[in-house]
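# Structural features, examined
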Amino acid sequence: MFIINCPYCGEREQSEFKAGGEAHIVRPKQPTELSDDEWAEYLFMRKNIKGIQFERWVHTHGCRKWFNVVRDTSNDKIKAVYKMGEKPPTK
Amino acid sequence: MTKNLRVKKSNLIDETYKVSFKFNGITYYGYKGDTLASALLANDIHLVGRSFKYHRPRGIMTAGSEEPNAIVQLHNNTSRTEPNVRATEIEIYEGLEASSQNCWPSVNFDVGGINNFLSPVLPAGFYYKTFMWPASFWEKYEYFIRKSAGLGKSPTEPDPDIYEHKYIHCDVLVIGAGVSGIVAAKTSAKNGYKTLLVDEKPYLGGSTIYQNSEHFKINNQISSSWLEKEINEIKKIENLEIKTRTSVAAYHGYNFLLARENLTDHMPLEQRKNKIRHRLLKIRAKKVITATGSLERPLIFDNNDRPGILLSSAIEKYASLYGVACGEKNVLFTNNDSAYETAISLYQKGINIEAIVDNREEIDSKLIKEIEKNNIKVYKGYTVVDTSGYKRINKVSIMQLSKDGQKVIGSKISISCDCLGISGGWTPAVHLFTQSGGKLKFRDEDQVFIPNIYPSDQISIGSCNGDFTLDEILSTVPKTLKEFLNLKKTDYEDLEIKSSFNKSKRNIWLLPSDKVIGKTKPFVDYQNDATAKDIKLALREGFRSIEHVKRYTTTGMGTDQGKLGNMHALGIIAETAGSKMGELGTTTFRPPYTPLTFGTIVGRNVGEYFDIFRKTPIHAWHIENKAEFENVGQWKRAWYYPKKGENMHDAVQRESKAARDSAGILDASTLGKIDIQGTDASEFLNRVYTNAWSKLAIGKCRYGLMLNEDGMVYDDGVTTRLDENHYIMTTTTGGAATVLGKLEDYLQTEWPELDVYLTSVTDHYATVSVCGPYSKKIVSRVIPDLDFSDENFPHMSFKDAKIGKIKCRVMRISFTGEHSYEINVQANYGKSVWEKCMEAGKEFNITPYGTETMHLLRAEKGFIIVGQDTDATMTPIDLQMDWIVSKKKYDFIGKRSLYRSDTIREDRKQLVGLLTENPNDVLEEGAQIVADMNKSPVEMLGHVTSSYYSPNLKKSIALGVVRNGKNMMGQKLIIPMEDKQINVTVADPVFLDKENKRLNA
Ligand SMILES: [Zn+2]
């Protein structure tokens, strides 16, 4: 069980949060313009990396805010936490 | 009958306190402080159980939690019975009853023992190969195999004990209270760290606490006396908490650990009442110091598993700590100096040693010199090649090792004995370190894996870090602690240490024999009966990965996780496959380190506390009126209200008829309610529902269908526009929390520009739904000030009203197809409004109905239940609900997916009505639907999703999903059941009042 530093509440146990999959997959503004393949790319295709992954988390049993987490999936070390809409850290 | 093998007084054993206990029905005596194992050994009992596969007699092998053989069942046939308890861990108490397991009918005569002679036909992978027998064959033999192979019996009665969970936060957690752990805990606590020290044993001090020899001294004091003083000191330190009988079961990431504190298992049963038995500690530590010590390795030779064969260190512990001799004619067999420490200790206590067999040829240490000085024969460069004695060892055969250690040479020498101590060197207990994600490295010089890369703020010290000797430990540990805890100095800077231990070792994983390997039984995993032969067979059959070899041979898969023999298994694999140990890696040790009872894991979450449940504000009325309840999500919902003599069917038929003929009343408080406000509320609803919302007038209600982005139906419900920028959305009972979560997700991440605020108000309101031809009369009596005329208050509209001084929201909406009203009031008024409706409806036969009748009534109207008639593969088109999907809206969640190549297929499963040929045949929900029974294999077209006998239509009705069902109207299909086939016709899913006349009746 890891500890996540919620950008609104501070450090809390993982059990207060829910994971929401890969981050920075933006819902297309005009879905009807997309081909089946392009829509499927948005809808289904996820990277599921072993290593540094950018992902979405929500503080379900807390402030209920969504935010982004940079996590090394091989050892669960969290490298960075940042709010929705903020630019991902480059390092 | 039995001998007394007590040899000396011991600090741990209270000889003034005699304890009687039963083993396999016979009464024995021991002393307070004994473990079951030490007490049995004192009574000269070694044979404790039978092995898992071959049912070979097995005895006590160790003196700790690594014990593979001496596992027993406690208090058989009582509510407190427990299988797989290690005799080496359980402390005896007055009235303890233990029995051997894994043997039938008794440990001395065991039918399964025949497997020992059948062993040529029970090779590695036996159980896997067994499962490939034809199923019919398996069924016949399952009973016998289970009976003769099972590991103990699980209790059949409720657990009478209490368990609890506790969170602990500390600066430093020290695991293990041996000499390293004591030094660490004292150093940490004295320097201001809030420290917790845990040890699985009932006493502190590890193995040093009984190291009473001139050969091991600290500051000129015998090591055990030095340590005793340290222990007395740490007991006085304020910010140090010490927990004994506490074993760490799991070490997770971020220094989160689970430990089991054992509070009553050492007490007589009658003293345990109302006490907590085990406490599961959930520990979050800033820093962790692992000082879990090391486990002595056995040696792998033919017949190395007989009762009377123990680890040399265990013999030493029984003698020095418990004052018990394991035998009267002892032989020690070793490849290192440890056995000499045991020998000296035994010699001092007057316990006879026949001989010491040492793999090493050229050896020179003070310990060996002392042994030889006392005329104990040492066979240097020899190995044991065989043992004999069925239920107790009586002889060892030894031969000389060749120079390269690959063969035995010369002639066989026999030594008679009643106890053989074996020592193959030491394995650091790195289990918890690897559980935490730590990476090991292999140290070639003494063939051990030691911690290398730490994944969190932690350190391993002492022998679990590969420092085995007293001088190594006490010179390294203080330095490590200084760095780890950021200290300038410790109390242990200039210790003067005397340790006569010589570190030389001759490591041979599988000792050679004069027989071919096929004719030998050198056990590697004692509990699972895996031999070196099995491992070699697995490699011959092509297995290479150690994880595969482990599963195929079951090496390391017992309740002990192969703590003793795993290293040998790796060594034999490496040697046979010609690879290097370091490159091979180790198998994964998984939590728990030692088994936990289920009680410990669930803690207080038992009985009515197993899961939280939610009650509506009207719950008490349902109870008073004898409702049966069903669980819907976490809610307890009234299911039906049986009258005297009624079964469920009778009650539901009566309730359903009353709702259509006169009036029905339903507690709908569990429906999810989300309050939606903001200037963009209408736009938001446009995006989340499939239909259009902008033009919904204030005071009107609309049914909405919500999809996932993949186009599949997710939830449904009626939403009411309370004001220009204010809506109240209802969701399904089970979907309330996830729908809110989903809406928040879109608002925060995709559409943060929208001005919308969501609040869950499910618990704030009670909802009373009154339906039927008399509903208007009843509700207007309860709310006399409201104009209920169809002009003022038509179907699908809403009014603010008052019942006396109580504000309420009334919606005229219907899930039954009847003229119907929903009254929403502040939750605490719910029951009184319900009772007012009951009173007002008395003369109109108002009938409370539960969820079962609600489901029946909506099925008559063909209304879906999300989650019952849909299963996350159904689009609105599949549900024949095309009418609710807006063609005009540019976008909504899931819209694009509705015309993917897969979702536009004509032959998807679609929702249809089903009518049985015989109107009295009621289909089973979940039953398969087929068209042609002669086709092979029979093609499944779909299944029944909802099915009832309708008292209003006087026939059976059902909904189902059928492939291409939309185009099959009127077609005959078949529902094959176990004993018959039921013929059905595909029909319109709306069975009653298709014109919706009843809504305004
Ligand atoms: Zn938060």
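The shown structure was predicted, so the numbers you read here are calculated from the model rather than taken from an experiment. (Residues numbered from 1 in each chain as written. Chains lettered and ligands numbered in written order. Predicted model: local features only at pLDDT ≥ 70, side-chain atom pairs only at ≥ 80, totals over all residues. Heavy atoms only, no water.)

### Concerning the overall build of chain B
A tally of regular secondary structure across chain B gives 23 helices and 50 strands. A principal-axis box enclosing the C-alpha atoms of chain B has dimensions of 115 × 70 × 55 Å. Buried residues in chain B amount to 60% of all 1001 residues. Contacts in chain B between residues at least 24 apart in sequence constitute 67% of all its contacts with a sequence separation of at least 6. (Helix = DSSP H or I, 4+ residues; strand = E, 2+ residues; numbered from the N terminus. Buried < 20%, exposed > 50% of the residue type's maximum accessible area, 1.4 Å probe, protein only. Contact = heavy atoms within 4.5 Å.)

### Regarding the sheet that holds strand S23 (residues 408-416) of chain B
Within a sheet, each strand pairs with its neighbour through backbone hydrogen bonds, oriented either parallel or antiparallel. Residues and elements named next belong to chain B. Sheet architecture is open: three strands sit in the order S21-S22-S23, paired in antiparallel fashion. What marks the edges here is a single partner per strand, and that holds for strand S21 (382-388) and S23. The mean angle between the axes of side-by-side strands here comes to 25 degrees, regardless of whether they run parallel or antiparallel. Strand direction decides the pairing type here: S21 and strand S22 (residues 395-401), joined by six bridges, are antiparallel. Of the residues in S22, the one forming a bridge with Asp 386 is Ser 397. (Pairing = 2+ DSSP bridges. Axes fitted to C-alpha atoms, helices over the stretch in contact; angles between N-to-C directions.)

### Observations regarding the coordination of the zinc ion
Residue and element names in this part refer to chain A. Coordination of the zinc ion by the protein is provided by Cys 6 (SG), Cys 9 (SG), His 59 (ND1) and Cys 63 (SG), with metal-donor distances spanning 2.0 to 2.3 Å. The coordination sphere of the zinc ion comprises four donor atoms, whose angles at the metal cover 104 to 115 degrees; the geometry is tetrahedral. Sequence spacing of the donors to the zinc ion: C-x2-C-x49-H-x3-C. Here the residue Cys 6 occupies a position in strand S1 (residues 3-6), and Cys 63 occupies one in the loop between strand S4 (52-58) and strand S5 (66-72), the gap between them amounting to 57 residues. (Donors = N, O, S within 2.8 Å, 3.2 Å for Na, K, Ca; no water. Tetrahedral: all angles 85-135°; square planar, octahedral: opposite > 155°, others 65-115°.)

### Describing the packing of helix H5 (residues 179-190) of chain B against helix H11 (residues 470-484) of chain B
Residues and elements named next belong to chain B. Two elements in contact, H5 and H11, have axes separated by 10 Å at closest approach and are oriented at 30 degrees. It follows that H5 is roughly parallel to H11 by the angle criterion. At the point where H5 passes H11, the crossing takes the right-handed sense. Two secondary-structure elements touch here, H5 through Val 179, Ser 180, Val 183, Ala 184 and Thr 187 and H11 through Ile 473, Leu 474, Val 477 and Leu 481. (Parallel < 35°, antiparallel > 145°, perpendicular 65-115°, else oblique. Left-handed = near helix turned anticlockwise from the far one by under 90°.)

### Examining the side chain of Arg 809 of chain B
Residue and element names in this part refer to chain B. Its location among the elements puts Arg 809 in strand S42 (residues 806-812). For the buried Arg 809, no salt bridge is present, and the opposite-charge side chain at shortest range is Asp 800, 4.5 Å distant. At 3.3 Å, the side chain of Arg 809 forms a polar contact with the side chain of Tyr 765. Each residue touching Arg 809, except ones within four places of it in the same chain, is listed here: Leu 722, His 726, Ile 728, Tyr 765, Phe 798, Lys 799, Asp 800, Glu 822, Ile 823 and Asn 824. (Lys, Arg positive; Asp, Glu negative; His and termini not counted. Salt bridge = Lys/Arg side-chain N within 4 Å of Asp/Glu carboxyl O. Polar contact = N/O pair within 3.5 Å; in protein donor to acceptor, adjacent residues only side chain to side chain.)

### Overview of the nonpolar core
Residues and elements named next belong to chain B. Core analysis: the biggest nonpolar cluster contains 117 residues, and Leu 36, Tyr 318 and Ile 422 have the highest contact counts within it. With residues near it in sequence (within four places) discarded, Leu 36 still touches Phe 21, Val 72, Ala 87, Ile 90, Ile 92, Leu 96 and Ala 98. In this structure, Ala 663, Phe 793, Ile 803 and Ile 823 belong to the second largest nonpolar core, which totals 32 residues. (Core = buried A, V, L, I, M, F, W, Y, C linked by side-chain atoms within 4.5 Å.)

### A closer look at the pattern of salt bridges
Residues and elements named next belong to chain B. All chains considered together, the criterion is met by 70 salt bridges over all chains. Arg 80 is the salt-bridge partner of Asp 161, the closest N and O atoms lying 2.8 Å from each other. With Asp 161 in the loop between helix H4 (135-149) and strand S8 (162-175) and Arg 80 in the loop between strand S5 (71-74) and strand S6 (82-86), this pair connects stretches of sequence that are 81 residues apart. Judged by its relative accessible area of 11%, Asp 161 falls in the buried class. Overall, Arg 80 belongs to the partly exposed group, its relative accessible area being 23%. Of the charged contacts, one joins Arg 721 and Glu 724 as a salt bridge, the two residues approaching to 3.6 Å between their closest N and O atoms.

### Some remarks on the interface of chain A and chain B
Opposite the 27 residues of chain A that make contact, chain B presents 28 residues. Across the chain A to chain B interface the summed buried area is about 2,400 Å²; carbon plus sulfur atoms make up 45%. The largest share of the area that chain A buries against chain B comes from Met 1, Arg 27 and Arg 64 of chain A, three residues that together contribute 28% of it. Seen at the junction of chain A and chain B, the total is six salt bridges. A salt bridge links Arg 56 of chain A to Asp 745 of chain B; the nearest nitrogen and oxygen atoms lie 2.7 Å apart. Taken together, the links from chain A to chain B amount to 21 residue pairs in polar contact (both at pLDDT 80 or more). Mapped onto the side of chain A that touches chain B, the elements with two or more residues apiece are helix H1 (36-43) and strand S6 (77-83) of chain A. Per-element tally for the side of chain A that touches chain B: the top contributor is H1 of chain A, with four residues. Of the residues belonging to the side of chain A that touches chain B, the class tally is 14 nonpolar, three polar and ten charged. (Buried area = accessible area lost by both parts, 1.4 Å probe. Nonpolar A, V, L, I, M, F, W, Y, C, P; charged D, E, K, R; others polar.)

### Quick look at a nonpolar patch on the surface
Together, Phe 598, Ile 601, Val 602 and Val 606 of chain B give the surface a local cluster of nonpolar side chains, amounting to about 390 Å² of exposed area. Its location among the elements puts Val 602 of chain B in helix H16 (residues 598-602). (Patch = residues over 30% accessible without salt bridge, like charges linked within 9 Å, V, L, I, M, F, W, Y side chains within 5 Å. Areas by Shrake-Rupley, 256 points an atom, 1.4 Å probe, with all protein chains shown as cover.)

### A short note on the environment of Leu 879 of chain B
All names here are of chain B. Locating Leu 879 in the fold gives a position in the loop between helix H23 (851-860) and strand S45 (909-916). Expressed as a C-alpha distance, the spacing of Leu 879 and Ser 436, which sit 443 residues apart in the sequence, is 50 Å. Those residues in contact with Leu 879, other than ones at most four positions away along the chain, are Val 713, Ile 864, Asp 869, Thr 870, Met 874 and Leu 911.

### Considerations on the packing of aromatic side chains
Residues and elements named next belong to chain B. The tally for this structure, following the rule as stated, stands at 25 aromatic pairs over all chains. Centroid distance Tyr 689 to Trp 693: 5.0 Å. Interplanar angle 25 degrees. Geometry classified as stacked. Assessed through its relative accessible area of 1%, Tyr 689 is described here as buried. Relative to Phe 793, the ring of Phe 788 lies with its centre 5.7 Å away and its plane at 35 degrees, an arrangement referred to as tilted. (Phe/Tyr/Trp six-rings, centres within 6.5 Å; stacked < 30°, edge-to-face > 60°.)

### With respect to H1 of chain A
Residues and elements named next belong to chain A. Buried residues of H1: Trp 39, Tyr 42 and Leu 43, and no others. Buried residues along H1 cover an arc of 95 degrees about the axis, so they all sit on one side. Counted as exposed and oriented over 90 degrees from the buried face of H1: Asp 37 and Glu 41. (Arc of directions from axis to C-beta.)

### So, the sheet that holds strand S39 (residues 757-760) of chain B
Residue and element names in this part refer to chain B. As summarised here, the arrangement of the five strands in space is S36-S37-S38-S35-S39, forming an open sheet in which the pairing is antiparallel. The open sheet terminates on both sides in strands that have one partner only, identified here as strand S36 (701-707) and S39. Neighbour to neighbour, the strand axes of the sheet diverge by 25 degrees on average, direction disregarded. Across four bridges, the pairing between strand S35 (residues 672-677) and S39 is antiparallel. Counted as the bridge partner of Gln 677 is Tyr 757 from S39.

### Overview of the domain arrangement of chain B
Quite often, the size of an interface is put as the accessible area lost when its parts meet. Domain parsing of chain B yields domain 1 (162-292 + 428-499), domain 2 (629-670 + 766-782 + 808-861) and domain 3 (862-1000). Look at where the C-alpha atoms of domain 1 of chain B and domain 2 of chain B centre, and you get two points 64 Å apart. (Domains from an automatic or database assignment.)

### Section: the packing of H5 of chain B against helix H6 (residues 223-234) of chain B
All names here are of chain B. Two numbers describe how H5 lies on H6: the axes approach to 10 Å, and their chain directions differ by 35 degrees. In this structure, H5 crosses over H6, and the sense of that crossing is left-handed. Each of Val 179, Ile 182, Val 183 and Lys 186 in H5 lies in contact with H6, whose residues at this interface are Trp 226, Leu 227, Glu 230, Ile 231, Glu 233 and Ile 234. Residue composition of the contact of H5 with H6, by class: seven nonpolar, no polar and three charged.

### Quick notes on unusual backbone geometry
All names here are of chain B. Going from Pro 591 to Pro 592, the amide bond is cis rather than trans, its omega being -5 degrees. Residues Ser 936 and Pro 937 are joined by a peptide bond in cis, for which omega reads -5 degrees. Its location among the elements puts Pro 937 in the loop between strand S46 (928-930) and strand S47 (940-950). Within the chain, Asn 77 stands out as a residue other than glycine whose phi angle is a positive 60 degrees. In this structure, Asn 77 sits in the loop between S5 and S6.

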